[in-house]
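# Structural features, examined
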Amino acid sequence: MLKTSFNMVNEDVKNHSLEYGKPPWVFKGSALYQFHLVKSETARTLIPEEFKLVEAFVYTLGGFFLANYEDSPVGKFDELVILAGTVWNPPTSCTWASRVIVGSDKACIHGKKEFGLPSQVATFSKNTSTFTSTNKRRFGGFLTKIVMDSSLEKNCMDVQVKEIDGNAAMNICNINIASSAEAPQSSTKGWLGPALKFSLPSFSGRTVHNPNLLKYSCQVECRLRAAPLAKISDLSTSKADDKASLDEQRELSMTVMLSKPILAFEFTSLVMKVEAPIVISE
């Protein structure tokens, strides 16, 4: 019975891998990349010891990558990659993913098997609202000042992430994303930012799914612009039962998400080609 169950799991993994086809695997959509200052001691517990951590004044650069893929080898899905910190990768550096949360069973299996990623399946619930903010601007000379109120309509989206573990679901976090509607994308030239092409080297592995240390690259094409900082709310501690059931890696990854945000970029017209990983250490 146990052998039959094991064979069924292997067959399921094989079928999902076949759906992805041959590399490079192409993902199209949009994303938010936010950088955080993460305490080195937190990052160190999430990153393999063979890597040298890039740090200054007891902090390293981590954050998260929140993507919405409209097209991929397995169709539409959302992804949240939690980046524990930056490691040295001569002649440059790259960030280490401590947790990968995806809205697709197939993407989760592929990430675990092919890349050794710490992937988890989740649901991404989105709620969009609009609010008006008022900015006060002062004009005038030395003795007199004119105060003018200008109203600016802004869109706001809440993304609630809930991990699925078997038949149980656990709230993880809420990501509040604000964007200005001051300049419509369709009518303002250059509003989406410059068109860029670049390569992102990445490491993965050292998990129970793939214990080898792997290296792969992502070839990225997109329009890039600065974005307002997203606000993160920890939902995993809202109930005592939830907090008690958190594993250590999930807790530490949430610590990364709640660390100090410093900079955010919005990726639109995103086309990301992911190459197959190579083993660099067993």
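Notes on the structure in this doc start here.

Thresholds, definitions, all that
- Residues numbered from 1 in each chain as written.
- Predicted model: local features only at pLDDT ≥ 70, side-chain atom pairs only at ≥ 80, totals over all residues.
- Heavy atoms only, no water.
- Helix = DSSP H or I, 4+ residues; strand = E, 2+ residues; numbered from the N terminus.
- Contact = heavy atoms within 4.5 Å.
- Areas by Shrake-Rupley, 256 points an atom, 1.4 Å probe, with all protein chains shown as cover.
- Pairing = 2+ DSSP bridges.
- Salt bridge = Lys/Arg side-chain N within 4 Å of Asp/Glu carboxyl O.
- Buried < 20%, exposed > 50% of the residue type's maximum accessible area, 1.4 Å probe, protein only.
- Polar contact = N/O pair within 3.5 Å; in protein donor to acceptor, adjacent residues only side chain to side chain.

On a plain count of helices and strands, the chain comes out with 5 helices and 13 strands. Long-range contacts, defined as pairs at least 24 residues apart, comprise 67% of the intrachain contacts of the chain with a sequence gap of at least 6. In the form shown here, the chain has an accessible surface area of approximately 15,800 Å², with 55% of it arising from carbon and sulfur atoms.

Turning our attention to the pairing of strand β3 (residues 59–71). As defined by bridge partners, strand β1 (residues 25–39) adjoins β3 across 12 bridges and the pair is classed as antiparallel. From the neighbouring strand, S30 faces β3, where its bridge partner is N68. Here strand β2 (residues 55–56) pairs with β3 via 2 bridges, running antiparallel. Within the sheet, the bridge partner assigned to E55 lies in β3 and is T60. Linking β2 back to β3 in an antiparallel pair, the connection comprises 2 residues, with F57 at a positive phi of about 55°.

When the charged atoms of two side chains lie near each other, side chains of opposite charge can form a pair. Summed over all chains, the structure comprises 7 salt bridges. When the shortest N-O distance is used, the salt bridge between R250 and E163 registers 2.8 Å. One end of the pair, R250, is in helix α5 (residues 248–257); the other, E163, is in strand β7 (residues 146–165), and 87 residues separate them in sequence. Of the residues examined, R250 reaches a relative accessible area of 7% and is grouped as buried. The exposure class of E163 is buried, given its relative accessible area of 2%. Here E266 makes a salt bridge to R225, at a shortest N to O gap of 2.7 Å. Taken together, the residues span a long stretch of sequence, with E266 in strand β12 (residues 260–274) and R225 in strand β10 (residues 213–226) at a distance of 41 residues. According to the relative accessible area criterion, E266 is partly exposed, its value standing at 22%.

Note on placement: S204 falls in strand β9 (residues 195–205). In this structure the side chain of S204 is engaged in a polar contact, spanning 2.6 Å, whose partner is the backbone oxygen of F115. For S204, the contacting residues outside a window of four places in its chain are W96, F115, L117, N212, L213, L214 and Y216.

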